[in-house]
Amino acid sequence: MKNREASADHLTVIPRNQHHISRKSISDSALKVLYRLSKSGHRACLVGGGVRDLLLEIQPKDFDIATDATPEEVRALFKNSRIIGRRFRLVHIRFGRDIIEVATFRGHDEDSAKTETNDEGRILRDNTFGEIEEDAIRRDFTANALYYDIHDYAVLDYVGGLQDIEARQLRLIGDPAKRYPEDPVRMLRAVRFAAKLDFTIEESAAQGIFEHGHLLAVIPPARMFDEVIKLFHSGKAVRVFELLREYRLLKYLVPALDEWLQDEPSESMLDFIDQALVNTDDRVNTGQPVSPGFIFAVLLWPVVHQQASQIQSDRQKMIGALMQVGETVMKRQVRHVSIPRRFSQMARDIWSSQPRFHRTQGKQPLRLLGYPVFRAAYDFMCIQTMVGLMPHRLCHWWTEYQLEHGDSKQPEREARKRPRRRRRRAS
Ligand code: ATP
Ligand code: MG
């Protein structure tokens, strides 16, 4: 095949009988797309996380496909498809709830009018098409640049990705001093994959993060939101948080929290973050839903809690203080990461409802139970009780209260462990 010969000295081919990727572990929709492209005379490969995860024997989250067909040619082959993206034009092919992303091989043409960069070298738009070996070196990490060719089921490695997968390390393709400025989000991707795969970040890729971290400040807040959610919904949020601190990246995501951490943070509040992230990971790993509103409520709670306690010492008036502080803290946060309103509102409601959990008399509990944000606020409160930020009995009391008041969604935290008991009043 033309492409293979052209770069044969860089290319390692692992034939089908020497790797364990089987078509059985590839989704039917991805196979359908691969075969149809191939039958129409195009080159078609599975690429990226799909190949990487299958080699590591992890079930891939999604399947990405790379081809020599142009977006228009792909579009013409699949009725259920549409062209998306401006920075990178891609085709999305829909099969029910499944979406397969098809990218045309990208070429290397820095002078082309189709590749736009800004003064820092950040790529704003890049739609120059090219050959597969050019496509490989434009990807971020070597482990993400392996191709599974549907033509003969071989794995193609142009960048030494197989060795790096074996050594369990993330190596940036090319020079970090060029590749991070081109797209600073690659630094967050390094952290995410290191946490997800339990890989180390290779020395120069790691060093580059310290040198170029500040470039994250120029990423549009909407893209930052997507990345933050991928980081904290990865099922490895505890590790992600550690790595973000280690690589000094937290200040570009949640600057107020980063400042709070510099300033002798309280042990119990550190435990709170840790426990809340453990809880989030558990939920993700057992298929329960998690909300960005909850994540931001957790990450900003140390700051909101501290500032509200500074302006208000009377617990009765704490709700107002939390509302006021919550608004200012959120206003600053959304300048860095644009949080859709329903999630920022949810975080603020979680905060301001915390003092209400102390009120276990009269009609107040029933009112709180009716709040739309009740479940998340209750989870949040229980985590606070676990680390000593709120009285331990409150979590028990509210768990039982929900059981008695016929909440259809069983409170999992307590209900699983304890048999139903009569309601007790918290004093
Ligand atoms: P996962 O889907 O498990 O999060 P992935 O590696 O598939 O991981 P995607 O975001 O789906 O990541 O991207 C697919 C592939 O596209 C990557 O594996 C990589 O080869 C390439 N890619 C994605 N984002 C970038 C980027 N910012 N710079 C260079 N290449 C990228
Ligand atoms: Mg993917």
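Rules of the game
- All chains use their own residue numbering, which begins from 1 and follows the written sequence.
- Numbering of ligands from 1 and lettering of chains from A proceed in the order in which they are written.
- Totals for whole chains, interfaces and linings use all residues, but because this is a predicted model, local features are given only for residues with pLDDT of at least 70 and pairs of side-chain atoms are given and counted only at 80 or more.
- Based on all heavy atoms of the structure, the side-chain values leave hydrogens and waters out of the count.
- Throughout, an axis means a line fitted to C-alpha atoms (over the contacting stretch in the case of helices), and angles, computed between N-to-C directions, take values from 0 to 180 degrees.
- Under the DSSP-based scheme used, a helix requires at least four consecutive residues in state H or I and a strand at least two consecutive residues in state E, with every element numbered from the N terminus.
- Small angles under 35 degrees read as roughly parallel and large ones over 145 as roughly antiparallel, with 65 to 115 read as roughly perpendicular and the rest as oblique.
- The criterion used for residue contact is that any of the two residues' heavy atoms lie within 4.5 Å.
- Residue classes follow a fixed rule: Ala, Val, Leu, Ile, Met, Phe, Trp, Tyr, Cys and Pro count as nonpolar, while Asp, Glu, Lys and Arg count as charged, and any other residue, Gly among them, counts as polar.
- Helices are assigned an expected span. That span is 1.5 Å times one less than the residue count.
- Only protein chains enter the accessibility calculation, which uses a 1.4 Å probe; a residue is then buried when its area is under 20% of its type maximum, exposed when over 50%, and partly exposed in between.
- In this analysis the probe radius is 1.4 Å and the grid spacing 1 Å, with only protein atoms considered; a cavity is a set of points the probe fits into but cannot get out of, a pocket is an open set with protein on both sides within 12 Å along at least five of seven lines, and lining residues have an atom within 4 Å of a point.
- Grid points are joined across faces, edges and corners, and a volume is the space filled by probe spheres set on the points.
- The term salt bridge refers to a pairing of a side-chain nitrogen on Lys or Arg with a carboxyl oxygen on Asp or Glu at a separation within 4 Å.
- Two strands pair under a simple rule: DSSP has to find at least two bridges between them.
- Only Phe, Tyr and Trp rings take part, Trp by its six-membered ring, and two of them pair if their centres are within 6.5 Å. Stacked means planes under 30 degrees apart, edge-to-face means over 60, and tilted covers everything else.
- Two conditions define a charge sitting above a ring: the NZ of Lys or the CZ of Arg must be within 6 Å of the ring centre, and it must be within 35 degrees of the ring normal.
- N or O atoms within 3.5 Å of each other form a polar contact, as long as, within protein, one can give a hydrogen and the other can take it, and as long as residues adjacent in sequence are counted only when both atoms are side-chain atoms.
- Any residue with a non-hydrogen atom lying within 4 Å of a molecule or strand is treated as near it.
- Confidence per residue, as judged by the predictor, is encoded in pLDDT with a range of 0 to 100.

1. With respect to the packing of helix α8 (residues 185-197) against helix α10 (residues 221-232)
Running from amino to carboxyl end, α8 crosses α10 at an angle of 10°, the nearest separation of the two axes being 10 Å. Regarding the angle of α8 to α10, the classification is roughly parallel. Across the interface between the two elements, V185, L188, R189, V191 and R192 from α8 touch R223, M224, E227, K230 and L231 from α10. In terms of residue class, the contact of α8 with α10 is built from five nonpolar, no polar and five charged.

2. A closer look at helix α17 (residues 341-353)
With 13 residues, α17 should cover 18 Å at 1.5 Å per step; its first-to-last C-alpha distance of 18 Å lies within 8% of that length. Among all positions in α17, only F343, S344, M346, A347, I350, W351, S352 and S353 are buried. On its buried face, α17 is in contact with α10, α15 (292-311), α16 (318-333), α18 (364-369) and α19 (374-386).

3. Some points on empty space enclosed by the protein
Throughout the structure, instances matching the rule amount to two cavities of 30 Å³ or more. Quantified by volume, the largest cavity comes out at close to 70 Å³. What lines the largest cavity is R356, R359, Q364, R367, L368 and Y371.

4. Re the pattern of salt bridges
Counted according to the given criterion, the structure contains 19 salt bridges. R52 is paired through a salt bridge with D53; the nearest N and O atoms lie 2.9 Å apart. Of the two residues, R52 and D53, neither departs from the other in class, the shared state being buried. Residue K317 pairs with D314 through a salt bridge whose shortest N-O separation is 4.0 Å. Overall, the relative accessible area of 51% leaves K317 in the exposed class.

5. Some details on the pairing of strand β5 (residues 90-95)
For a regular strand, side chains alternate in direction, first toward one face of the sheet and then toward the other. Among the six residues of β5, five are classified as buried, and the element is accordingly described as predominantly covered. Of the pairings in the sheet, the one linking strand β4 (residues 81-84) to β5 comprises four bridges and is antiparallel in character. Residue pairing across strands places R82 opposite H92, the latter belonging to β5. Hairpin remark: β4 followed by β5, antiparallel, with five residues in the connecting loop; positive phi at G85, about 85°. Sheet topology places β5 next to strand β6 (residues 98-104); five bridges connect them, and they run antiparallel. Within β6, the position partnered with H92 by the bridge is E101. In this structure, the hairpin formed by β5 and β6 is closed by a connection of two residues, where G96 is found at a positive phi of approximately 60°.

6. Quick notes on the packing of aromatic side chains
In this description, an aromatic ring pair is defined by two values, namely the gap between the centres and the angle between the planes. Applying the stated criterion across every chain, the model contains 17 aromatic pairs. Consider the rings of Y147 and Y158, whose centres lie 6.1 Å apart with planes at 85°: the pair is edge-to-face. Here Y147, found in strand β9 (residues 146-149), pairs with Y158, found in the loop between β10 (155-157) and α6 (161-166); they are 11 residues apart in sequence, far enough to count as distant. Residue Y147 is classed as buried on the basis of its relative accessible area of 0%. Through pairs of rings, three or more aromatic residues link up here, namely F357, F374, Y378, W397, W398 and Y401. The ring of Y153 has R23 lying over it, and the distance from NZ or CZ to the ring centre is 4.0 Å.

7. What to know about the side chain of E182
Relative to the helices and strands, E182 resides in helix α7 (residues 176-182). At 2.9 Å, the side chain of E182 forms a polar contact with the side chain of R186. With residues up to four places along the chain from it excluded, the contact list for E182 reads G121, R122 and I123.

8. Considerations on the site of ligand 1
Looking at ligand 1, there are 16 residues lining it, with R52, N144, D183, R186 and R192 nearest. Take N144: an N or O atom from its main chain is 2.9 Å from an oxygen atom of ligand 1. In the environment of ligand 1, a nitrogen atom lies 2.7 Å from a nitrogen or oxygen atom belonging to the side chain of D183. Breaking the shell around ligand 1 down by element, the ones donating at least two residues are α3 (49-55) and α8. Here the shell around ligand 1 gets five residues from one element, more than from any other, and that element is α8.

9. Description of the confidence of the model for the protein
Here the protein averages 91 in pLDDT, while 90% of its residues score no lower than 70. A low-confidence stretch, residues 1-8 stays under pLDDT 50, and its non-local contacts, those more than four residues away or across chains, total 17 contacts.

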